[in-house]
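Residue strings, one per chain:
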Amino acid sequence: MRRIPRFLPAIVLGICLLLPCSTALSASRAAGIPGGIVTSRRIVALSFDDGPSAYTPQILPVLHAYRVHATFFEIGAEVAQNPGLTRAVVAAGDEVGNHSYTHPDLAYLPDAAIRSQLEETQATIRAAAGVTPRWIRPPYGAYDSRVAGIASSLGLRPVLWSVDPRDWSLPGTSAIVQRVLYQVRPGSIILLHDGGGNRSETVSALPIILHDLQTEGYQIVTVSRLFGLAPVPACDQARADAWFGAAGVRPIHGHAIYQAWLRRYCAGVNYGPATSGEYALGRDIAQNFARTAHRVEWNRKTDEVGVRIIWSWAAKVFSARGIQPIQHAPITHAWFLQFYKGNNWGPALGAPRSRDGVTSQRFRYGSATERAGKITWARG
Ligand code: ZN
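In this text the structure is predicted, and so the values were computed from the model without any measurement. (Residues numbered from 1 in each chain as written. Predicted model: local features only at pLDDT ≥ 70, side-chain atom pairs only at ≥ 80, totals over all residues. Heavy atoms only, no water.)

Those donors, Asp50 (OD), His99 (NE2) and His103 (NE2), are the protein atoms that reach the zinc ion, and they lie 2.1 to 2.2 Å from it. The motif formed by the donor residues of the zinc ion, counted along the single chain, is D-x48-H-x3-H. You can see Asp50 sitting in strand β1 (residues 43-51) and its partner His103 sitting in the loop between β3 (95-98) and α6 (111-129), a full 53 residues away along the chain. Summarising the burial analysis for this pair, Asp50 and His103 share the class buried. (Donors = N, O, S within 2.8 Å, 3.2 Å for Na, K, Ca; no water. Helix = DSSP H or I, 4+ residues; strand = E, 2+ residues; numbered from the N terminus. Buried < 20%, exposed > 50% of the residue type's maximum accessible area, 1.4 Å probe, protein only.)

Structure, rendered in structure tokens:
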């Protein structure tokens, strides 16, 4: 399925040669996307961007020789060209992440294009290697709340990096090695590139980096493994608190619900401000959040925290003008799905109308048309 809009450049390989990949890093950091974890343990994640390419098969045996695994953030269009390379990465026990389909700056794209960039890459990697990525690394580290919302609706967690030797600029093998060893700290994520241009220096630097890190006592792991050890990465707490309390509800730092909310916020998933205080819900303590009508529930006995969608909330929005949702009607169903993905088409302005096998319904911010089970949305 090709759903990439035509205005996107078909080929953007090597773009990292022209633009520093870390341009937008500081801006994204401010939004709370992790580039590592806080730990005193000597453990780091190793990651490769912009592949797969002909250099990928040169990297896999080096990782194997040092008995380490890495995360490869792959470009969907490259996977489509070389599905066997993605299969080889997975077969070697390494992790594959999503790096968009054609490497655009996602923050400049309309929502539908962001979604297709991410979705198409997920589908291409799944078709190539039978795995579904859990992590998205946005090209250039460029990110905003729309990208975060769309990524989270696809089950993707955003992640950046904290060690960037700029290997793509071909500074020489020894410069790559020295920069990594100088910048690395416990909990870092190291960024290297296995695609997008000539990566011979990266390939030469890799065994030296791995040898020296291991000599210094570092354990080298995938991104998933790193975050599995410390699920709450460091992120901007003042900013997080401002989000949490934007609707006037004060965050209570010691409480489990706030902690659960913060964990997701720090991973780039923002449920929006709290719209209620904590309240008792059966055996649980619950609290409501604005974004896509989520309710976080904490079971005090088991200490488990769950997130549920409040269906009645969506139904209230749908029927605000007095038009009730018709259960099992395709347009109603599609409207609800959109709502939970953060796309609110507003209340229904009229009942669905059918003519010649085509059903349509008007909403505050657009209209939906159903033809043979297929729904199309139009704004306005
Ligand atoms: Zn990249």
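On to the side chain of Gln361, then. Note that Gln361 resides in strand β13 (residues 358-363). By relative accessible area, Gln361 is classed as buried at 3%. Polar contacts involving the side chain of Gln361 include one to the main-chain carbonyl oxygen of Gly350, which spans 2.9 Å. Ignoring any residue separated from it by four or fewer positions in sequence, one finds Gln361 in contact with Phe318, Ile323, Ile331, Ala348, Gly350, Ala351, Pro352, Ser367 and Ala368. (Polar contact = N/O pair within 3.5 Å; in protein donor to acceptor, adjacent residues only side chain to side chain. Contact = heavy atoms within 4.5 Å.)

Another point: the pattern of salt bridges. When their charged atoms lie close together, side chains carrying opposite charge are able to pair. Inspection of the entire model under this criterion finds 5 salt bridges. The partner of Asp49 in a salt bridge is Arg137, and the shortest N-O contact between them spans 2.8 Å. Remark: Arg137 occurs in the loop between β4 (135-136) and α7 (145-153) and Asp49 occurs in strand β1; sequence separation between them is 88 residues. Overall, the relative accessible area of 2% leaves Asp49 in the buried class. Overall, the relative accessible area of 0% leaves Arg137 in the buried class. Arg146 is the salt-bridge partner of Asp144, the closest N and O atoms lying 3.5 Å from each other. Accessibility expressed as a relative area gives 24% for Asp144, which makes it partly exposed. With relative accessibility at 28%, the residue Arg146 sits in the partly exposed group. Three or more residues joined by partner-sharing salt bridges are found here, namely Asp111, Asp144 and Arg146. (Salt bridge = Lys/Arg side-chain N within 4 Å of Asp/Glu carboxyl O.)

Here the focus is the nonpolar core. One finds Leu46, Phe48, Leu63, Ile190 and Leu206 to be the most contacted residues of the largest nonpolar core, which totals 30 residues. At the level of secondary structure, the elements contributing two or more residues to this core comprise β1, α3 (56-65), α6, α8 (173-183), β6 (189-193) and α9 (200-215). It is α9 that contributes the most residues to this core, 6 residues altogether. When near neighbours in sequence (up to four residues on either side) are disregarded, Leu63 contacts Leu46, Phe48, Val68, Ala70, Phe72, Asp94, Leu206 and Leu210. Residues Ala45, Ala113, Ala148 and Leu160 belong to the second largest nonpolar core, which totals 27 residues. (Core = buried A, V, L, I, M, F, W, Y, C linked by side-chain atoms within 4.5 Å.)

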